[in-house]
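Chain and residue survey
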Amino acid sequence: GGFGGSYGKDQGRLDVEEGFGDKVETRFVEAGPEGADSGRVMTQMALDGADLIFTTSFGYMDPTINVAKKFPNVKFEHATGYKQADNVSTYSARFYEGRSVIGHIAGHMTESNTIGYIASFPIPEVIRGINSAYIAAKAVNPDVKMKIVWVYTWFDPGKEADAATALIEQGADIIMQHTDSPAAMTIAEEKGILAFGQASDMKQFGPNARLSSIIDDWAPYYIARTKAVMDGSWESTATWDGIKEGMVAIGDFSDKIPADVQASATALKEALSAGTTHSFTGPLNKQDGTPWLAAGETASDFGDDGLAGMNFYVEGVEGDVPQ
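This structure is a prediction, so every number in the text was calculated from the model and none was measured.

Conventions we followed
Residues numbered from 1 in each chain as written. Predicted model: local features only at pLDDT ≥ 70, side-chain atom pairs only at ≥ 80, totals over all residues. Heavy atoms only, no water. Core = buried A, V, L, I, M, F, W, Y, C linked by side-chain atoms within 4.5 Å. Buried < 20%, exposed > 50% of the residue type's maximum accessible area, 1.4 Å probe, protein only. Contact = heavy atoms within 4.5 Å. Pairing = 2+ DSSP bridges. Helix = DSSP H or I, 4+ residues; strand = E, 2+ residues; numbered from the N terminus. Axes fitted to C-alpha atoms, helices over the stretch in contact; angles between N-to-C directions. Lys, Arg positive; Asp, Glu negative; His and termini not counted. Salt bridge = Lys/Arg side-chain N within 4 Å of Asp/Glu carboxyl O. Expected span 1.5 Å × (residues − 1).

**Let's talk about the nonpolar core**
Ile105, Ile130, Ile148, Phe280 and Trp292 are the most contacted members of the largest nonpolar core, which totals 60 residues. Filtering out sequence-adjacent residues up to four positions away, Trp292 remains in contact with Phe280, Leu284, Asn285, Lys286, Glu297, Ala299, Asp305, Leu307, Met310, Phe312 and Val314. Counting 19 residues, the second largest nonpolar core, distinct from the first, contains Ala163, Ile168, Ala172 and Ile187.

**Re the sheet that holds strand 1 (residues 52-55)**
The 4 strands are arranged 1-2-3-9 in an open sheet whose pairing can be described as parallel. In this open sheet, the two edge strands, each paired with only one partner strand, are strand 1 and strand 9 (238-241). Mean inter-strand twist for the sheet, computed between neighbouring axes without regard to direction, equals 15°. Note that strand 1 and strand 2 (residues 75-79) share 4 bridges and pair parallel. Along strand 2, the bridge assignment pairs Leu52 with Lys75.

**Digging into the side chain of Arg99**
Note on placement: Arg99 falls in helix 4 (residues 95-109). It is Glu125 that comes nearest to the buried, bridge-free Arg99 among opposite-charge side chains, at 6.1 Å. In this structure Arg99 touches Tyr117, Gly129, Ser132, Ala133, Gln177, His178, Gln198 and Ile214, once residues within four positions along its chain are discounted.

**Describing helix 4**
Between its terminal C-alpha atoms helix 4 stretches 21 Å, which fits the 21 Å expected from 15 residues at 1.5 Å a residue. Burial of helix 4 is extensive: 14 of the 15 residues sit out of reach of the surface.

And the structure:
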């Protein structure tokens, strides 16, 4: 529910059903808590005869690994984690590429020079998005500031609405989010400010507020992995795709975005897709001023300061990364 990340993954499940017809049967459990409780859900799915289990949130990582040990003939696909096994693959999207595009738009569009960001949990996926959005906004608007409210949940409309209200009270006239519900979009519509859809279009919740959206498209991956189990070619892999592969899409632009900004945002999206531009290109410092990337250098995926383990803000982002 909520038209966010979980909704997008369920759309992928429905596309699997449509693609394979009566050759597959899918089941789902909604709103499963992260942590040990999820392991009981996975265990029951395996006992019920599931051949392939998608575990769709970062907090399901360790339970996925633990349950997979007990069911070596069942294949598991874990979203956004980093632990694999012979029967456990990982998959994620380069959401930060999409946040570069909407950050670029926000930097141009803000009149208060303050962008609000509703963040879920302080994991690398979310921190990357904050940094990439800020870098892109700062590149076109040197005066821009980003205010961040952490809500410590993926889906809680009340908390998300309160966070949006708090950010507006701090001067934000554009709201971004890395949470699942459309509550922030609804608040933006009520308050007459601007916002971006997260994981799905969300236009119906803020027809005047919505500038564009980051849209997750899991269907091609889910269909390919299902087919691999069916034909026996499934192997444990680590997939991290972005705009180029279509796993991250940018929603239609609102007419509120000036034509030249639409053009420059489209050019940025195309450059990210082509690999001629990277969201994290130096010179960039960490928040404390220590050098991170030299001029022209791009961030690696892995390593001590790689994107996969990002646990720091870049220079200029206000506040501390929660521990």
